[in-house]
Structures are given as structure tokens and as C-alpha cells.
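Read off the chains here:
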Amino acid sequence: MTTAYEPNKVMATGKYDVIGTRPIRHDGADKVTGRAKYGADIQLNGLLQGKILRSPHAHAIIKSIDTSKAEKLPGVFAVVTGKDLPKSKAGDTADFGLGPQPMKYLRDNAIASDKVLYEGHAVAAVAAINAHVAEEAIALIDVKYEVLPPVLTAPEGIKSTGNAILHSDLRTMEGGAPKSGKTNVASRFQHKMGDIKKGFKEADVVIEREFNTATVHQGYIEPQNVTAVWNNDGRLHIWISTQGPFEYRKALSLALGLPISDVKVTPMEIGGGFGGKFPLYHEAAAALLSKKANRPVKIVMSRREVFEGTGPTPGSYIKVKLGAKKNGKIIAAQGYLAYEAGAYPGSPVDAAGMCIFTAYDIPNVVIDGADVVVNKPKTAAYRAPGATNAAFATETVLDEIADKLKIDPIDIRLMNAAKEGTRRADGPVFPKVGCIEVLEAMKNHPHYKTPLKGKNVGRGIAVGFWFNAGLQSSATVSVNADGTINLVEGNPDIGGSRASLAMQAAEVLTIRAEDVHPSITDTDNIGFTFGTGGSRTTFATGWAVYEAANDVKRQLIERAAKIWGVKAKDIELSKGYFKSKTDSELKMSFKDLSGQLNETGGPVLGRGTVNPPGVGGAFAGNIVDVEVDPETGKTQVKRFTVVQDAGKAVHPSYVEGQMQGGSVQGVGWGLTEEYFYNQKGQMANSSLLDYRLMTSYDLPMIDTVIVEVPNPGHPYGVRGVGEVNIVPPPAALANAIYDAVGVRMDRLPMNPAAVMEATWEQKRGKSGAKAKATKKK
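Residues numbered from 1 in each chain as written. Predicted model: local features only at pLDDT ≥ 70, side-chain atom pairs only at ≥ 80, totals over all residues. Heavy atoms only, no water.

## Comments concerning the overall build of the protein
Rules: Runs of H or I in DSSP of at least four residues are treated as helices and runs of E of at least two as strands, each being numbered from the N terminus. Radius of gyration means the value over C-alpha atoms here, while the globule rule gives 2.2 Å times the residue count to the 0.38 power. Each residue's exposure class comes from its accessible area (1.4 Å probe, protein chains only) as a fraction of the maximum for that residue type: buried when under 20%, exposed when over 50%, partly exposed otherwise. Two residues form a contact once any of their heavy atoms are found within 4.5 Å. What sets the accessible areas is the Shrake-Rupley method with a 1.4 Å probe; for residues, cover comes only from the shown protein chains. Only four residue types enter the tally: Lys and Arg on the positive side, Asp and Glu on the negative side, with His and both chain ends excluded. Charge positions come from single atoms, namely NZ of Lys, CZ of Arg, CG of Asp or CD of Glu.
Along the protein, the regular secondary structure elements total 20 helices and 32 strands. Taking 28 Å as the expected radius of gyration for a compact globule of 777 residues, we find that the protein reaches 28 Å, a close match to that expectation. Counting only C-alpha atoms and orienting by the principal axes, one finds that the protein spans roughly 100 × 70 × 50 Å. Per-residue burial over the protein gives 59% buried out of 777 residues. Within the protein, counting contacts between residues at least 6 apart in sequence, those at least 24 apart form 79% of the total. Summed over its atoms, the accessible surface of the protein is roughly 30300 Å², and 51% of this surface lies on carbon and sulfur atoms. Averaged over its 92 positive side-chain charges, the protein has a centre that lies 5 Å from the centre of its 82 negative ones.

## Structural notes on the packing of helix α3 (residues 103-110) against helix α7 (residues 245-256)
Operational definition: All axes here are fitted lines through C-alpha atoms, helices being fitted over the stretch that makes contact, and every angle between N-to-C directions spans 0 to 180 degrees. Working definition: roughly parallel below 35 degrees, roughly antiparallel above 145 degrees, roughly perpendicular at 65 to 115 degrees, and oblique for all remaining angles. Asp, Glu, Lys and Arg are counted as charged, while Ala, Val, Leu, Ile, Met, Phe, Trp, Tyr, Cys and Pro are counted as nonpolar; the rest, among them Gly, fall into the polar class.
Two elements in contact, α3 and α7, have axes whose closest approach is 9 Å; the angle formed by their N-to-C orientations is 95°. Our classification of the angle between α3 and α7 gives roughly perpendicular. Counted together, Met-103, Leu-106 and Arg-107 of α3 and Ala-251, Leu-254 and Ala-255 of α7 form the full contact between these two elements. For the contact of α3 with α7, the residue count by class is five nonpolar, no polar and one charged.

## What about the sheet that holds strand β8 (residues 122-128)?
For clarity, the threshold we go by: Think of it this way: DSSP has to see at least two bridges between two strands before they count as a pair.
If you walk across this open sheet you meet the seven strands as β4-β8-β2-β17-β14-β15-β16, and the pairing is mixed. A single partner strand is all that each edge strand has here, and the edge strands are β4 (76-81) and β16 (263-267). Looking at each pair of strands side by side, their axes are set apart by 20° on average, direction ignored. Here five bridges tie β4 to β8, and the two strands are oriented antiparallel to one another. Residue pairing in the sheet places Val-80 in a bridge with Ala-125 of β8. Packing against the sheet, helix α4 (residues 131-139) makes contact with β2 (48-54), β4 and β8, and its axis sits at approximately 30° to β2.

## Description of the environment of Lys-292
Put simply, the rule is: Whenever two N or O atoms come within 3.5 Å, that pair is a polar contact, provided that in protein one can donate a hydrogen and the other can accept it, and provided that, for residues adjacent in sequence, both atoms are side-chain atoms.
With respect to the secondary-structure elements, Lys-292 resides in helix α8 (residues 283-293). Given the relative accessible area of 46%, Lys-292 is considered partly exposed. Polar side-chain contacts of Lys-292 include one of 2.9 Å to the backbone oxygen of Val-79.

## Looking at the environment of Leu-322
Positionally, Leu-322 belongs in strand β18 (residues 316-324). Classification of Leu-322 as buried rests on a relative accessible area of 2%. Considering only alpha carbons, one finds Leu-322 and Val-397, 75 residues apart in sequence, at a separation of 7.2 Å. Once residues within four sequence positions are removed from consideration, Leu-322 is found in contact with Phe-200, Val-205, Val-206, Ile-207, Ala-332, Ala-333, Phe-357, Thr-394, Val-397, Leu-398 and Ile-401.

## Details of the nonpolar core
For clarity, the cut-off: Remark: nonpolar core denotes a set of buried residues (Ala, Val, Leu, Ile, Met, Phe, Trp, Tyr, Cys) joined through side-chain atoms within 4.5 Å.
Counting residues in each nonpolar core, the largest one holds 105 residues, and the members touching the most others are Leu-337, Phe-357, Met-442, Phe-619, Met-745 and Met-750. Counting residues per element, this core draws most heavily on helix α11 (residues 387-405), at nine residues. Apart from residues lying up to four places away in sequence, Leu-337 is in contact with Tyr-317, Ile-318, Val-349, Ala-352, Gly-353, Ile-356, Ile-367, Asp-368, Gly-369, Ala-370 and Ala-390. By size, the runner-up hydrophobic cluster in this structure holds 43 residues, among which are Ala-475, Ala-560, Phe-590 and Val-650.

## Describing helix α19 (residues 729-741)
Note the following rule: Multiplying 1.5 Å by the helix residue count minus one yields the expected span of that helix.
Here α19 spans 18 Å end to end across 13 residues, near enough to the 18 Å set by a 1.5 Å rise per residue. For α19, the full list of buried residues reads Pro-729, Pro-730, Ala-731, Ala-732, Leu-733, Ala-734, Asn-735, Ala-736, Ile-737 and Ala-740. Gly-742, located one to two residues past α19, shows a positive phi value of around 75°.

## Some remarks on the pattern of salt bridges
Stated precisely, the cut-off is as follows: We define a salt bridge as a contact between a side-chain nitrogen of Lys or Arg and a carboxyl oxygen of Asp or Glu at a distance within 4 Å.
Tallied over the entire structure, the rule returns 42 salt bridges. Its salt-bridge partner being Asp-522, residue Lys-264 comes within 4.0 Å of it at the nearest N-O pair. Placement of the pair is Lys-264 in strand β16 and Asp-522 in the loop between β24 (516-520) and α16 (537-564), with a sequence separation of 258 residues. With a closest N to O distance of 3.5 Å, Asp-570 and Lys-569 form a salt bridge. Given the relative accessible area of 19%, Asp-570 is considered buried.

Here you go:
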């Protein structure tokens, strides 16, 4: 079996001076020397340590809470419960990132008021002189519960009645209106295109399968943390490791009943997030404790609290039905998606519905989705949220059709691939996209052409789509007297965005990337900037930086024109020099002009604010070779290649890192990772010892191929690159397992037990069919 490794490839298009190069990252020195400050590193005078009391039950009514013993413990400064939050009135709603929802949901998820809805749900909080006293204090809080039956999967939630209903006020939203009757189904939707009945009737082959995927965690190393100071002037200052400072500012202002301008959020360095560090958790508790104690309060979660008390990505039940002609053309596709929202509405089922069949040009499509509340932590985003589950279903069924029709799995995808002009079932029509180019790169890669050798080895392929995001961003650029610039923006750097943004500014101003000093500031000192997620930062904030740098360029040209006494339209900036188009003698370097600014009119500051419409969707594909042990069911990844359309790779090394990182997480999702719950709704593997993440020992080197199909909606052709790479791995692995041992997998994770169960089920099915045939004879 080959374990060859191909050097990373960049199929580059478009030539630039800075973009496409690989400068050293601007924050590298601070991070490798330990000088970089993360959330837990904050130390303030008089700092208290906070701890949260969490529910041991997945579903229960809170009958009473007695905090008197904890309050009397020496060293305790403050104790808070849900009663310390503003009381939510019936009908009070707000949009805190998921559309209008009851204010009670936001506040209750921070600290439960009358009911706990998952094991790990916050019930009370304590601030004390140190963490040990705080832990002793929470153990003294006496909570009486009335335990209710838990609901743990979306299919269970759909069927639930009586005391298994999580929210008495929840009604199913469908077609923009609420349905009558208590329910655990928060919403339903449908996307429809063409004539699905006609499509299946005309199909020569139709395959329908059902799939179940487990709840999984993002796997970031740094636990959630917060430090809060509620100042005497009424303003609240928060230091936190977050992906979305402005989202936290809004959520805290709503939860605490404060004007949004009274909340200041300072983002610290962040030790991983992957979508999981947007929602509000213990921040409201820390703020309330600070207000009561009149001291700063820090709360840092334990690993168990991270697993049990923060948002994972949802488990799901998916049904996919595909119909194709004998030549492989897919003419009908039907999908049903039921996703777990966790304790409160808002699963990524809508995003899944936007992605499930979007890699293909299919004339007849119906997609139904349901958002279902269950007794697990409220789900959060995780790299292309919802899309990985959906692709697992679609790509394995498509592989089965290819196998049945004896068509190469890449060829059948190329035959049906989405392209410019393809309409998605949810409405949008594709501009220029790179699905075909990704598939062609996969087909031409040495990995795909290399024969497999050995027993129980198999090769699988899959592709995936993610639509990416744009949204609002702000940036400023100021010029220093030595010819360098300061770039200020509001997106926490979780994947190299300091470098990618600095490089776009440098490209505009024709200076080196090293001459740009990027910094991330707090919510008081930059215009509104949507968080670092949705693969949006290099695209959208990059565009804001582009505008700010062009503003600087315009002002500097005007300044040079003033110095030379010529018209600004006759001056250009090229290769670090301002030059007259009409007089070759007039030439000045960027550095020289920068040194004259104060004497010729004052400092130069450029600004950029955008809400860009030209978001470019992205495609990625995998080729994976596995070896399956038929005795144990263990699957070993022997070779892995990821191909992805980046539009334009601003910093290819970071793009390759994103591709490899997302692929590793996708492999873990596919083979080992899951929240394992007992019947009481209690998580049995809430540690990194028992929750099985991939390590370097589990994987080969990962080949990367960057395809560049420029996004027509961005000045440099950029597409988001951080998410789509996690979409295809589970499906590619499932297809490889089938190729190796002839078993179709329909659940995640595909751990040894799942593979063996599927093998035994297949053998029982064959034995049963043989017995029936013998009896008939």
C-alpha cells in the first residue's frame, strides 16, 4: 500500500507583488516566545476567581436554590443565580444571532432560572478569593430538582409529548407563521425546484438511504475564559478569547439590560475556536459577580465544563434519495434533514439545506429541514456548520449510484458538477465557481492514478460545498514617518488573518508585507466588524483593508501632487514609488513621502467600511486511502489528499494549513469523535482522554492542492478558505471503507464498533437472503 506524499501544489492564477507570497507571520515571534496574551493571562488588581455550579441532570425543573451556606463561607465575595439577571417578560424577543427569539432563552442559557435543559447547564456562580474557595462554595449551594425525561436525538424530539417538551412556549415556525401545539420542533423549511415526482419516475436508478451522525465538539485546546470588570461609572469591560467581540457586546447588553455602548469587549489571543467561541456562556455570570463584589472577576472553564456546558455541533438524522439516468446524469434529489439544536432553537439545519445538493446541477430537487430542541448544550457553529453531515449522506449515496452504474466516481461528479449559471435549490444562481476545476485536479493528481496494493485497502473520494459569508467590516490604516503603516481592525486572528489582511494593504500601497503593522483592537476603537467566522475575514475585512489602503493611496498621491505642484491625476504609485506620468524627473519613494507628511499638511489616515455582496462559495474535494482491519473494524488512513478552490491564495502557507487542519478535524469527525450519552442524558466521555481526537500518530502527511478560480466578487479574487475543507472527509472515508471491505456506512463516527456492526449486519442480510432463496427452491 502506497504511503507516498506529493509536495503541496498551488495552481496559481493572477500575478501580484505581495499576494501569493509567503512572508513570516506578524504575530509569530510573540506566540513562539510566550509573550502573546490569551484570555486566561489577564491579571488585574483585586482579581477574584469565579466558579459555576452546573446541573447534574439533563432535564429538570428547579424547585429551589439555597445559597446561604456558600455566602457565609470565608473568602466568598459574591454569589449569583438566575434571579440576578433582568426578568424576561412574556413576548420579549431579540435577535442575538439566530433571528428573533425570546429573551428568556438568551438569559436562561447563561444562568438557568426555572428549568435546566442539559447536564452542565449553569445554575449559580460564585466569586471568591481563589479558585479553591470558589469550588468549595459552589459545593455548598443546595439545589432541589424535579427530574424529567431527557430527549437526546432529533427523531426523539420530533415525537416527544408531555413532560418531555423542553419549552412550554415553543411553537413550530413554518412558512413564516407559528403552528399550534407544544412541540420540540422549533422550525421547518422546504426548498423545491423542478418536478421531483417526474424526476424519480424518469430515473433509471434510484437509491434512498438514511444516516445518523453523532454530536461532536470543535476540539479547540484553549478552554473558554472571561475576565469582567463592572466599573463604578456603570460601564462593563470584558476581556475574553472570542471570535466575535461585537457579537459578545450585543449579547451581553441584551442579557444584562445595558445600553450597547456601556459594554466594552477586548478580544485576547485565541487558542482555537472553529465557530465555538461566539455564543454567550459564563460572561453574564462574571459580570454580575463583578458588580456584586465590586472587584474584577475571572472565570476559566475546566475541560469537562467545555464539553458539557458549551456548544458542540449537532447530531443529525438525514434521509437522501437520488435518481439518475443510465449515463450517470442525476435528475432528481430529495433530502430530509432533522438537526439537533440543543437546548434552544438554532441548529445549522438551514445551512445544511443550502449545501446538501449544491455541488451538483440537478433539475428536480426537494429539501425538507427541521430544527429540533433536545437536552444537550445549545449547538454552536463548527467549520461549515451543517454541511459536513449533509455531504456525508449525499456523497455516499452518489458513490453507490456510481458503483451500480459502473462509472468512475470522479467522472460521475464531473458530469453533474455545478458551474456558473447553476441554480441552487434554495434560490441563488452561481457566478463563476471552481467545482469542475477541483474535480479535474483530483482526477489528474498522482494519488488518484496510483494503483492500490494489499488486502482490505480502499480508496474513496468526495466533494463538498460551503457558501461562505461577507457581512460588515471596518479597518483603518495610518502612515508612519518611516514608511511603514499601522493597520487596525476588529477581527480576532484564528487562522493567519493578520498576515492576509496586511498583505492586501501592502499590495495596494506597493510596500512589503513586513512594513505593515497589524493590530486587533477592542469594540470601542474600531467600527462594527462582524466576527471571525463563516470564512469571511480575509474576504470581507480584507476588502475593508483594501478600501482603507486605497484611501491612504489617494491622500498620498494628493500630497505628492501638492509638493510637486502638479495634478493628482498625473501621479501613479508603482513598486514603492510615486511617479509623475508626465515628467520622469518627478519620483519619490513611499518612505520619503511618509517622512514629509507632518510638514506638508498633517498625518494621513485611511478608513474602510464595507458590507460586500460578492461572496464567493467554495468547493473542496478529498482522495483518501484506508486500510480496514476485518477482525477489529479499525480504519487506518494511509494517504490523504485535499484539493480546494481558494479563489486567490493570499498567503498559500496559511491556506494549506487551513486545508490540512480542516481535513484532520473531518477525519476525526468521521472515524472517532462523538459525545457519548447515557440514558439519563449525562455525557460519559467529557475529557480529552475519552473523547478521541485525531493526533499526528493517526494520520499520514496530507497532500494539498490549491486551485485558484478567482471570485469575481472580490478585488483580488479571494474566496473564504477556512471551512469547506471539513465537509468532504467523512464521506470520502465512508466510500474508502466500502471500497476496502464492501460495507456501506450510514452513521458517524465510523469507529471500529460501527464498522464491525455494519459488517455483521451485512453478513446477516446475505445469510437471510440465502436462506429465503433455499426455502423458495
